[in-house]
Structure formats: C-alpha cells, structure tokens
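Observations on the three-dimensional arrangement
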Amino acid sequence: MPDIEELRARHELLGELTRGTLAGFVIEYFLRRPSWLTRVHHAMSIITLGAVVAVAIARDLSVLRCLRDFGAALVALFLFVLPLHELLHAFAYRLVGARDVRWDYSLRLAAAWVVAHHFVAATRAFVFVALVPFVVINPLLIGAAIAFPSLTVFFLFLLLWHLHGSSGDWALLNFVWLHRERGFWTFDDAVSGTSYFFGRAR
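Overview of the structure. (Residues numbered from 1 in each chain as written. Predicted model: local features only at pLDDT ≥ 70, side-chain atom pairs only at ≥ 80, totals over all residues. Heavy atoms only, no water.)

Details of the pattern of salt bridges
Counted only if it meets this: The salt bridge criterion pairs a side-chain nitrogen of Lys or Arg with a carboxyl oxygen of Asp or Glu, the two atoms within 4 Å. Working definition: helices are DSSP H or I runs of at least four residues, strands are E runs of at least two. Numbering for both runs from the N terminus. Using a 1.4 Å probe on the protein chains alone, a residue whose accessible area is under 20% of its type maximum counts as buried, one over 50% counts as exposed, and one in between counts as partly exposed.
Counted by the stated rule, this structure contains 7 salt bridges. One salt bridge in this structure joins arginine 19 and aspartate 104, with 2.7 Å as the shortest N-O distance. Of this pair, arginine 19 sits in the loop between strand S1 (11-17) and helix H2 (22-32) while aspartate 104 sits in strand S2 (residues 101-106), and the two are 85 residues apart along the sequence. Given the relative accessible area of 10%, aspartate 104 is considered buried. Residue glutamate 28 is joined to arginine 32 by a salt bridge in which the shortest nitrogen-to-oxygen separation is 3.8 Å. Within this pair, glutamate 28 and its partner arginine 32 are both found in helix H2, separated by 4 residues, close to a single helical turn. Given a relative accessible area of 25%, glutamate 28 falls into the partly exposed group. Relative accessible area serves as the criterion here: at 61%, arginine 32 is assigned to the exposed category.

Looking at unusual backbone geometry
Most peptide bonds adopt trans geometry, and most residues besides glycine take a negative phi value. For aspartate 60, which is not glycine, the phi torsion reads 55° and is therefore positive. Looking at where aspartate 60 falls in the secondary structure, it is placed in the loop between helix H3 (36-58) and helix H4 (63-95).

Concerning the packing of H3 against helix H6 (residues 152-165)
Heads up, the rule is: All axes are obtained by fitting lines to C-alpha atoms, using only the stretch in contact for helices, and the reported angles, taken between N-to-C directions, cover 0 to 180 degrees. Roughly parallel means an angle under 35 degrees; roughly antiparallel, over 145; roughly perpendicular, 65 to 115; everything else is oblique. If you view the pair so one helix is near and one far, a crossing is left-handed when the near helix is turned anticlockwise from the far one by less than a right angle, and right-handed when it is turned clockwise. Only heavy atoms matter for contacts: two residues are in contact if any of them lie within 4.5 Å across the pair. Gly falls in the polar group here, along with every residue not listed as nonpolar (Ala, Val, Leu, Ile, Met, Phe, Trp, Tyr, Cys, Pro) or charged (Asp, Glu, Lys, Arg).
One way to put it is that H3 packs onto H6 with a least axis distance of 10 Å and a crossing angle of 160°. Taken together, H3 and H6 sit at an angle that is classed as roughly antiparallel. Here the hand of the crossing between H3 and H6 comes out left-handed. Facing H3, whose interface residues are His41, Met44, Ser45, Thr48, Leu49, Ala51, Val52 and Val55, H6 presents Thr152, Val153, Leu156, Phe157, Leu159, Leu160 and Leu163. For the contact of H3 with H6, the class distribution of residues is 11 nonpolar, 4 polar and no charged.

As for empty space enclosed by the protein
As a reminder, the rule being used: Throughout, the protein atoms alone are placed on a 1 Å grid, and a set of points is a cavity if a 1.4 Å probe fits but cannot get out or a pocket if it is open with protein on both sides within 12 Å along at least five of seven lines; lining residues have an atom within 4 Å of a point. Grid points are joined across faces, edges and corners, and a volume is the space filled by probe spheres set on the points.
For the coordinates displayed, the defined rule picks out 1 cavity of 30 Å³ or more. Empty space within the largest cavity amounts to approximately 30 Å³. Surrounding the largest cavity, Tyr93, Ala116, Phe119, Ala121, Thr186, Phe187 and Asp188 form its lining. In terms of residue count, strand S5 (residues 185-189) provides more of the lining of the largest cavity than any other element does, 3 residues in total.

Dropping the structure here:
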C-alpha cells in the first residue's frame, strides 16, 4: 500500500473533493456521467416510489396522509437515519484500519460526512466504507415497511429519502468505477477539508 508521499510522487491525481466542490462532484458523477451503478440506484428509487404509489392506492390513503408521511420521513431522516448512516461509515473506516476518523458538515448543503485523516484507502477498502450504510440501513427500512403495515408508506418514504441521501456515496463509487483501469487510492486531509483521489500514472 503506497503512503501519502508515494502517492504524490509516483501516482497521478485524478481529482479532489472539498466542501465547495461537493455538489458539483455529485452532479457530475451521479447524473452527468452515468454508469450501470448510477442506473441501478435510479432504478431503486423508481421502484421505491412505485411501491409508495401502489400501497397508497391499495389502502386508499389520502393525499394528506401521504404528504404527512413524506414530511415525517424527512424529519426522521435528519434526526435518526443520517446520523446512523455516518456512524456506520465511521465504524467501517475503523474496521479497515483508520484510527483518526473525524466528522465534517455543510449547513449550506444540509449534509454531514466522516473523513479518515491521512488514511490511505485502496479500492476494496473504500468501496466497503461507502457501501456499509447502504447495505445495513436499506434492508432494515424495507423490513420495517413490511413488519408495520400501518407505517408502510412512512418507511417507504424514509427509504426513498435515504436513497437520495446516499447519492454522494454512489457518485464516489461511480468515480471509482469510471477510473477502474487506473487503480484507485484516496486519502483525506481533515485540516484542509480535502479528499484526494489518485490513480496509476499514465
């Protein structure tokens, strides 16, 4: 595994990510440069929205009730699901060996995230960290939607919000996929608030 000095000296910088460029990065790699990864994510969102509509029609739920569940799910996302999401990222970083894991946030973007200061992660570790919240939380929300019929629409809306909230993770995964032939290494500098992505030099 190369260290930071070796990455800077012998590898090519593929990109940088900061608070100021986060929104543009997500737009670029989640929407403008699609791959099978982003298409799968879009399909999951469409299927979830279709499930909401199907359940609402089958149970003859009013528009007002659906709007109430929609708003309640958004509140639950910020109060409970997103903190859990980031805790799972932090836990995953610990599992792959990071020791200096820190939190960062942007009030303008209404977003929070964790970074592993000066921890070099290769493709496998980075993909693991990015996917852990998704593969833990989403099945729990689907299970809750099935287990509590009176709250099915609420939990499906919460799933939909979480899918939306995971778009940054999937933009990063898509970035890795699009540069897969170059290899991939990354590290965060929590002081400058910058994440660096490297690949093999051409």
